[in-house]
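Single-letter residue listing:
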Amino acid sequence: MPRERLSVVVTRRLPEAVETRLSELFDVTLRDDDTPMSRSELVEALQTADVLVPTVTDEIDARVLGQAGPQLRLIASYGAGVDHIDVQTARQRGVLVSNTPGVLTDDTADMAMGLILAVTRRIPEGLALMQKGEWEGWAPTALLGGRVSGRRLGILGMGRIGQAVARRAAAFGMQIHYHNRKRLRPEVERDLEVTYWESLDQMVARMDVVSINCPSTPSTFHLMNARRLKLMKPSAVIVNTSRGEVIDENALTRMIRAGDIAGAGLDVYEHGTQVNPRLRELPNVVLLPHMGSATLEGRIEMGEKVIINIKTYEDGHRPPDQVVPAML
């Protein structure tokens, strides 16, 4: 008899090519509309599926996992971050967790560089002027931004994405500095031509641009708090394409409004879609709807990694992208 196919539940709409391949390989339940599942829907999925394929919008905490059925064996998350999953509780219940690391490195780094340029060169302000039909012609002092070449960029978090940002910024003539939980190997530092700062406070105080590229963990929550934001130069800008919780959003809003920080480019927010309305009002703040990884190529590659993780597990092996608590 042929082996019974794994039951797989997908919590969000995925690119058509990914959904088609999942349907070919597994007994898959796809999402009809592109909205997040409610907690009750998540619980129902965990009670019926062998494998759950969630996204960053699905909060899979201990209470939800406590209601999972005994058949659940793998949570193959569609995305690199796993802070929305209680990995420790999953492990205690014998449920493996996997993610899709490395796929979105270049896409996210591109967006970080785009935000740096957008804020320093005031691109959205120019765009708004054109869209309103209010442009009256070139003027020597109109919309003066700043040259990125020669500026100091401080990267907070020097993993795959941080290093990709460093390479892009170097091509624009920026001087690259970084702070990381662990210092890079000397040969990597030489290759990237970067300067390490053991003290985040000292680095932040001397940078023209700060780029947040570290993961969300208990130790990085509000790493850029009010005290540390206050260390930044009034002419400096901050960019975040990582996780919103790393920055104290209310403190950032107050300081930009007061002129203590020159501007910000944000793709992620501390409270998800609930963005501080005062932040939205500021012309020197560029806000994007968490689209740093939004390329068709990247989304398909994410799906391919999910499929490989599920298929490898089905074949009796450890998923190549398995996440364990010690990694967090």
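Model, not experiment: these values are computed from the prediction. (Residues numbered from 1 in each chain as written. Predicted model: local features only at pLDDT ≥ 70, side-chain atom pairs only at ≥ 80, totals over all residues. Heavy atoms only, no water.)

A.B. asks: Hey, could you run me through the sheet that holds strand S4 (residues 74–76) in this one?
C.D. replies: Whenever strands of a sheet pair, they do so through backbone hydrogen bonds, lying parallel or antiparallel. Across the sheet, which stays open at both edges, the 5 strands sit in the order S2-S1-S3-S4-S5 with parallel pairing between neighbours. Edge positions in the open sheet fall to strand S2 (27–29) and strand S5 (96–98), since each of these has one partner strand only. Pairwise comparison of adjacent strand axes, ignoring direction, gives a mean angle of 20° for this sheet. In this structure, strand S1 (residues 7–10) lies alongside strand S3 (residues 51–53), joined through 3 bridges in parallel fashion. In the sheet register, Val9 faces S3, and the bridge partner there is Leu52. Packing of helix H13 (residues 296–314) onto the sheet brings it into contact with S1, S3, S4 and S5, and relative to S4 it is tilted by some 160°. (Pairing = 2+ DSSP bridges. Helix = DSSP H or I, 4+ residues; strand = E, 2+ residues; numbered from the N terminus. Axes fitted to C-alpha atoms, helices over the stretch in contact; angles between N-to-C directions. Contact = heavy atoms within 4.5 Å.)

A.B. asks: Would you explain the sheet that holds strand S6 (residues 152–156) in this entry?
C.D. replies: Reading across the sheet, the 7 strands line up as S8-S7-S6-S9-S10-S11-S12 and stay open at both edges, with parallel pairing between neighbours. Looking at strand neighbours, the two that pair on one side only are strand S8 (194–196) and strand S12 (285–287), the edges of this open sheet. When strand polarity is set aside, the average angle formed by the axes of neighbouring strands in this sheet is 20°. Inspection of the sheet shows strand S9 (residues 209–212) paired to strand S10 (residues 237–240) by 4 bridges, in the parallel sense. Residue pairing in the sheet places Ile212 in a bridge with Asn240 of S10.

A.B. asks: When you look at the domain arrangement of the protein in this model, what are you seeing that I'm missing?
C.D. replies: One frequently used descriptor of interface size is the decrease in accessible area upon assembly of the parts. When cut into domains, the protein gives domain 1 (7–102 + 295–327) and domain 2 (105–287). For domain 1 versus domain 2, the distance between C-alpha centres works out to 31 Å. Each partner contributes to the interface: domain 1 provides 7 residues, whereas domain 2 provides 5 residues. For the domain 1 and domain 2 pair, buried surface summed over both sides reaches about 470 Å², with 38% attributable to carbon and sulfur atoms. It is Asp83, Gly102 and Thr295 in domain 1 that bury the most area against domain 2; as a group they hold 69% of the surface buried on that side. Joining domain 1 to domain 2, the criterion identifies 1 salt bridge. For Arg243, the salt bridge goes to Asp83, with nearest N and O atoms at 3.2 Å. Inspection of the domain 1/domain 2 interface yields 3 residue pairs in polar contact (both at pLDDT 80 or more). Considering only residue class, the side of domain 1 that touches domain 2 consists of 2 nonpolar, 4 polar and 1 charged. (Domains from an automatic or database assignment. Buried area = accessible area lost by both parts, 1.4 Å probe. Salt bridge = Lys/Arg side-chain N within 4 Å of Asp/Glu carboxyl O. Polar contact = N/O pair within 3.5 Å; in protein donor to acceptor, adjacent residues only side chain to side chain. Nonpolar A, V, L, I, M, F, W, Y, C, P; charged D, E, K, R; others polar.)

A.B. asks: Hey, could you run me through the environment of Gln88 in this one?
C.D. replies: Counting through the fold element by element, Gln88 comes out in helix H4 (residues 87–92). Along the primary structure Gln88 and Arg39 are separated by 49 residues, whereas in three dimensions their C-alpha atoms are 20 Å apart.

A.B. asks: I keep staring at the pattern of salt bridges and nothing clicks. Help me out?
C.D. replies: Pairing between side chains of opposite charge can happen when the charged atoms of each approach one another. Scanning the entire structure with this criterion turns up 21 salt bridges. Between Glu24 and Arg21 there is a salt bridge, and its shortest N-O distance comes to 2.9 Å. Of the two residues, Glu24 and Arg21 are both situated in helix H1 (residues 16–25); the distance of 3 residues between them amounts to about one turn of the helix. When its relative accessible area of 40% is taken as the criterion, Arg21 is described as partly exposed. (Buried < 20%, exposed > 50% of the residue type's maximum accessible area, 1.4 Å probe, protein only.)

A.B. asks: Would you mind going over a nonpolar patch on the surface with me for this structure?
C.D. replies: On the surface, a nonpolar cluster with roughly 460 Å² of combined accessible area is contributed by Met130, Trp135 and Trp138. Among the structural elements, Met130 can be located in helix H6 (residues 123–131). (Patch = residues over 30% accessible without salt bridge, like charges linked within 9 Å, V, L, I, M, F, W, Y side chains within 5 Å. Areas by Shrake-Rupley, 256 points an atom, 1.4 Å probe, with all protein chains shown as cover.)

A.B. asks: I would appreciate a short explanation of the UniProt feature "domain: D-isomer specific 2-hydroxyacid dehydrogenase catalytic" (unreviewed entry) in the protein in the present structure.
C.D. replies: Under the present numbering, the feature "domain: D-isomer specific 2-hydroxyacid dehydrogenase catalytic" (unreviewed entry) in UniProt falls on residues 8–323. Between the end C-alpha atoms of residues 8–323 there is a gap of 19 Å, over a span that is 38% helix and 14% strand. (UniProt positions renumbered as here; feature names shortened; annotations may be inferred.)

A.B. asks: How do you make sense of helix H7 (residues 160–171) when you look at a structure like this?
C.D. replies: In an α-helix, one turn spans 3.6 residues; hence positions three or four apart end up facing the same way. The first and last C-alpha atoms of H7 sit 17 Å apart over 12 residues, in line with the 16 Å expected at 1.5 Å per residue. Burial in H7 covers these residues: Gly162, Gln163, Ala164, Val165, Ala166, Arg168 and Ala169. In this structure, the buried residues of H7 make contact with helix H5 (105–120), S6, strand S7 (175–179), helix H8 (186–192), S8 and S9. Where H7 ends, the next residue or the one after it, Gly173, has phi of about 85°, a positive value. (Expected span 1.5 Å × (residues − 1).)

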